[in-house]
Structures are given as structure tokens and as C-alpha cells.
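Reading the structure
Below, each chain spelled out in residue letters.
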Amino acid sequence: MSQWLSRWSELESLARTNPFAVVIMAQLQALRYRTGAQRLEPTVSLVRLLYGYGYDREHIQPLLRLIEWMLRLPAQQEPAYLAAVERLEQERKMSYVMIAERRGIAKGLEQGQVKGQADLLLRLIQRRFGAVDAAVEQRIRAAGAEDLEAWSLNFVDATTLEDVFRG
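Just so we're clear, the structure is a prediction, and the values are computed from it rather than from any experiment.

Within the protein, the secondary structure is distributed over 10 helices and zero strands. Overall, the protein shows an N-to-C arrangement of helices and strands of α-α-α-α-α-α-α-α-α-α. Relative to the globule expectation of 15 Å for 167 residues, the C-alpha radius of gyration of the protein, 24 Å, shows a markedly less compact shape. Taken over the C-alpha atoms alone, the protein extends approximately 70 × 30 × 20 Å along its principal axes. Taken over 167 residues, the protein has a buried fraction of 35%. Looking at the protein alone, contacts between residues at least 24 apart form 62% of all its contacts between residues at least 6 apart.

Here it is in C-alpha cells:
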């Protein structure tokens, strides 16, 4: 690995026209920075270099996916990564990374979690208190994650349906 790291500038030069050099660079960074906490800056640096090489969208997207896979970041670092990539895109007036797609996926996951919380709470309530009317079901389905969490915790000690929705 050290022999390739010492030739980093040569790899950077080759990467301008050879996508395999980019793959080698990503692999070297993944080996060099084994823990996710160390990977943010090397990942952003590779993306910055890649944007500067002038690859077209057709070539850059698979390379970005590969870089992101090889240098997987911890979830708590993803917002910082996305912000850095947004800045790069604004500087270069280009958008190769599907940031909207990432945000859409994150929003979809969040909505799925909320729906799952609502479904589970409804099943628990129905099991303990029997069938619920449409108003209760609508209230639960319209609730946000914070309310659903509070109601789920209330459910543990609730002796009546009204106790679930208290406080």
C-alpha cells in the first residue's frame, strides 16, 4: 500500500483519463482510513478530484457510487458529506450526485418508520382495548413520530384508551 500512496500524484494524473485509477485511489483511501470516522475528508477529497477531471455524467455517477461504497461513512457523517458535495456542485455548477434522490430516500425511510410505528400502535391498542373507531385510527395515522413515541410509551401503563393519548 505504501508504494502506491507514495505515487498518489501519479494516480491523480492518471485518473484524469482513466477511471480505474480513481478506483485504486478509493481503495487506497479505504485501506488507509479503516474507521468510518476518519473517512469524511478523504471521501470529499476524492469527489472533489473526480469533479475536476471533467468526466461526463454517465461515467461519474458509477464512480461516485463506488467511492461511497468503498469509503462507507457512518450515518452521522452523511449530512456533512452531502453538504460538502452540494458546495462542490454549486462551485462547479453541476450536479452528478443525486442529492435530491438521497433526500427522497431518507424522507421515504422516515415516513416508512412513522407508518410502521402507527401500524404497531394500532395493533397493540386493538389487542388490548378492542376495535377502534375511525377517529382514533385517523388520529394515530395523522400523528408524527414524536406523538407516536409518546403514545407508545403511554400504552405500556395505560388502563384505558384515553390513557394512551394523555399528556
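What follows deals with the UniProt feature "domain: DUF4351" (unreviewed entry) in the protein. Following the UniProt record, the feature "domain: DUF4351" (unreviewed entry) maps to residues 110-164 here. The straight-line gap between the two end C-alpha atoms of residues 110-164 is 23 Å; of that span, 84% is helix and 0% is strand.

It is worth spelling out the packing of aromatic side chains at this point. Tallied over the entire structure, the rule returns two aromatic pairs. Pairing F129 with F155 gives two aromatic rings, centres 6.4 Å apart and planes at 85°, and the pair type is edge-to-face. Placement of the pair is F129 in helix 7 (residues 99-129) and F155 in helix 9 (residues 145-157), with a sequence separation of 26 residues. Assessed through its relative accessible area of 9%, F155 is described here as buried. Sitting over the face of the ring of F155, R128 holds its NZ or CZ atom 4.1 Å from the ring centroid.

Another point: the packing of helix 4 (residues 40-52) against helix 5 (residues 57-70). Contact geometry of helix 4 with helix 5 gives a least axis separation of 11 Å together with a crossing angle of 170°. Classified by the angle their axes make, helix 4 and helix 5 are roughly antiparallel. Of the residues in helix 5, those in contact with T43, L46, V47, L50 and Y51 of helix 4 are I60, L63, L64 and I67. Within the contact of helix 4 with helix 5, the residues separate by chemical class into eight nonpolar, one polar and no charged.

For the rest of this paragraph, the subject is the domain arrangement of the protein. Parsing the protein into structural domains produces domain 1 (1-95) and domain 2 (106-165). A C-alpha centroid distance of 43 Å is found between domain 1 and domain 2.

Scoring rules and cut-offs
- Residues numbered from 1 in each chain as written.
- Predicted model: local features only at pLDDT ≥ 70, side-chain atom pairs only at ≥ 80, totals over all residues.
- Heavy atoms only, no water.
- Helix = DSSP H or I, 4+ residues; strand = E, 2+ residues; numbered from the N terminus.
- Rg over C-alpha atoms; globule rule 2.2 N^0.38 Å.
- Buried < 20%, exposed > 50% of the residue type's maximum accessible area, 1.4 Å probe, protein only.
- Contact = heavy atoms within 4.5 Å.
- UniProt positions renumbered as here; feature names shortened; annotations may be inferred.
- Phe/Tyr/Trp six-rings, centres within 6.5 Å; stacked < 30°, edge-to-face > 60°.
- Lys NZ or Arg CZ within 6 Å of the ring centre and 35° of its normal.
- Axes fitted to C-alpha atoms, helices over the stretch in contact; angles between N-to-C directions.
- Parallel < 35°, antiparallel > 145°, perpendicular 65-115°, else oblique.
- Nonpolar A, V, L, I, M, F, W, Y, C, P; charged D, E, K, R; others polar.
- Domains from an automatic or database assignment.

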